[in-house]
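# Architecture at a glance
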Amino acid sequence: MVREVVAQVPRETLTAHWDYQTVLLLALGYLPEGVNRLTANSGKWNGVVCELKEQFPEFFLEMHFAYRDPLPPHSDQLDDFFRSVGISEVLEITSPGYQVYSITDAVKIRLREKEGKFSQEQRTAIKEMSGVMGNELIIL
């Protein structure tokens, strides 16, 4: 027997189709062409994504952070995200000693294929997130 589920509010409809991992992947996909190296520093990533969650909470409903002063915030969900992007070869650690993630322009194009799950307003917000990520995480 097939059971149809009807979402009661728009937010439920939105979250039924994407999650924070898709949001983060699309933000990576919006990084400019030729921007291919990002820091692999876990504390830096956790701090940046925690700030993004504060600014765009609707995109990160399932992501939770532990606050441990003086250390940066920490999210187990972000750790899971990095495991999944490593397995799927979205991001590669180019050298453990340098702690650098690498993403190719071809992968970014592939990630942008996910943008159809989002409204134009949401895509604009995710592009803004990408800019924050670029400002904070890119290694030149």
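Residues numbered from 1 in each chain as written. Predicted model: local features only at pLDDT ≥ 70, side-chain atom pairs only at ≥ 80, totals over all residues. Heavy atoms only, no water.

### Let's talk about the pattern of salt bridges
Let me state the cut-off plainly: We define a salt bridge as a side-chain nitrogen of Lys or Arg found within 4 Å of a carboxyl oxygen belonging to Asp or Glu. A run of H or I in DSSP counts as a helix once it spans at least four residues, and a run of E counts as a strand once it spans at least two, with each numbered from the N terminus. Buried, partly exposed and exposed residues are distinguished by accessible area as a fraction of the type maximum, computed with a 1.4 Å probe on protein chains only: under 20%, between the cut-offs, and over 50%, respectively.
The tally for this structure, following the rule as stated, stands at three salt bridges. Of the charged contacts in the structure, one is a salt bridge between E136 and K44, with a shortest N-O distance of 3.3 Å. Here E136, found in helix α6 (residues 120-137), pairs with K44, found in helix α3 (residues 42-55); they are 92 residues apart in sequence, far enough to count as distant. Of the residues examined, E136 reaches a relative accessible area of 35% and is grouped as partly exposed.

### Some words on the nonpolar core
The cut-off we apply is this: By nonpolar core we mean a set of buried residues, namely Ala, Val, Leu, Ile, Met, Phe, Trp, Tyr and Cys, connected to one another through side-chain atoms within 4.5 Å. In what follows, a contact means two residues having at least one pair of non-hydrogen atoms within 4.5 Å.
Of all hydrophobic cores here, the largest spans 39 residues; its most connected members are L28, W45, F59 and F60. Mapped onto this core, the elements with two or more residues apiece are α2 (20-29), α3, α4 (76-87), α5 (105-112) and α6. Tallying contributions element by element places α2 first for this core, with seven residues. Setting aside anything within four residues of it in sequence, one finds W45 in contact with L28, L38, T39, A40, L78, F82, Y101, M133 and L137.

### A few points about α6
Where we set the bar: By this rule, a helix spans an expected 1.5 Å times one less than how many residues it contains.
With 18 residues, α6 should reach 26 Å at 1.5 Å per residue; the first-to-last C-alpha distance of 25 Å fits that figure. Burial in α6 covers these residues: Q122, R123, A125, I126, M129, S130, M133, G134 and L137.

### Section: the packing of α2 against α4
Note the following rule: Geometry is summarised by axes, namely lines fitted to C-alpha atoms with helices restricted to the contacting stretch, and by angles between N-to-C directions that run from 0 to 180 degrees. Under this scheme an angle from 65 to 115 degrees is roughly perpendicular, one under 35 degrees roughly parallel, and one over 145 degrees roughly antiparallel; angles in between are oblique. By definition, any crossing whose near helix is turned counterclockwise from its far helix by less than a right angle is left-handed, and any crossing with a clockwise turn is right-handed.
As a packed pair, α2 and α4 sit with axes 11 Å apart at the nearest point and diverge in direction by 60°. When the axes of α2 and α4 are compared, the pair comes out oblique. Like other packed secondary-structure pairs, α2 and α4 cross with a definite hand, here right-handed. Residues Y20, Q21, L24, L25 and L28 of α2 touch α4, and the partners they reach there are Q77, L78, D80, F81, S84 and V85.

### Describing the packing of α3 against α6
Defined as follows: Under the convention adopted here, Pro, Cys and the residues Ala, Val, Leu, Ile, Met, Phe, Trp and Tyr are nonpolar, Asp, Glu, Lys and Arg are charged, and Gly plus all remaining residues are polar.
The interhelical angle for the contact between α3 and α6, taken along N-to-C directions, is 155°, at an axis separation of 11 Å. In terms of their interaxial angle, α3 and α6 are classed as roughly antiparallel. The way α3 lies across α6 gives a crossing that is right-handed. Side by side, α3 and α6 meet where K44, W45, V48, L52 and Q55 of the first sit next to E128, M129, V132, M133, E136 and L137 of the second. Here the residues of the contact of α3 with α6 sort into seven nonpolar, one polar and three charged.

### Focus on the side chain of S75
Test applied: Counting of polar contacts relies on pairs of N or O atoms within 3.5 Å, with two restrictions inside protein: one atom must be capable of donating a hydrogen and the other of accepting it, and residues adjacent in sequence are counted only when both atoms are side-chain atoms.
With respect to the helices, strands and loops of the structure, S75 is situated in the loop between α3 and α4. In this structure the side chain of S75 is engaged in a polar contact, spanning 3.0 Å, whose partner is the side chain of Q77. Every residue in contact with S75, bar those within four places of it in the chain, is listed here: N46, M63, H64 and F65.

### Quick word on α4
What counts is decided by this rule: Directions are taken from the helix axis to each C-beta atom, and the arc is the one they span.
For α4, with twelve residues, the first-to-last C-alpha span of 17 Å sits near the 16 Å given by 1.5 Å per residue. Among all positions of α4, only Q77, L78, F81, F82 and V85 are buried. All buried residues of α4 lie within an arc of 145° about the axis, which places them on one face of the element. Across α4 from its buried face, at more than 90 degrees, point the exposed residues D76, R83 and I87.

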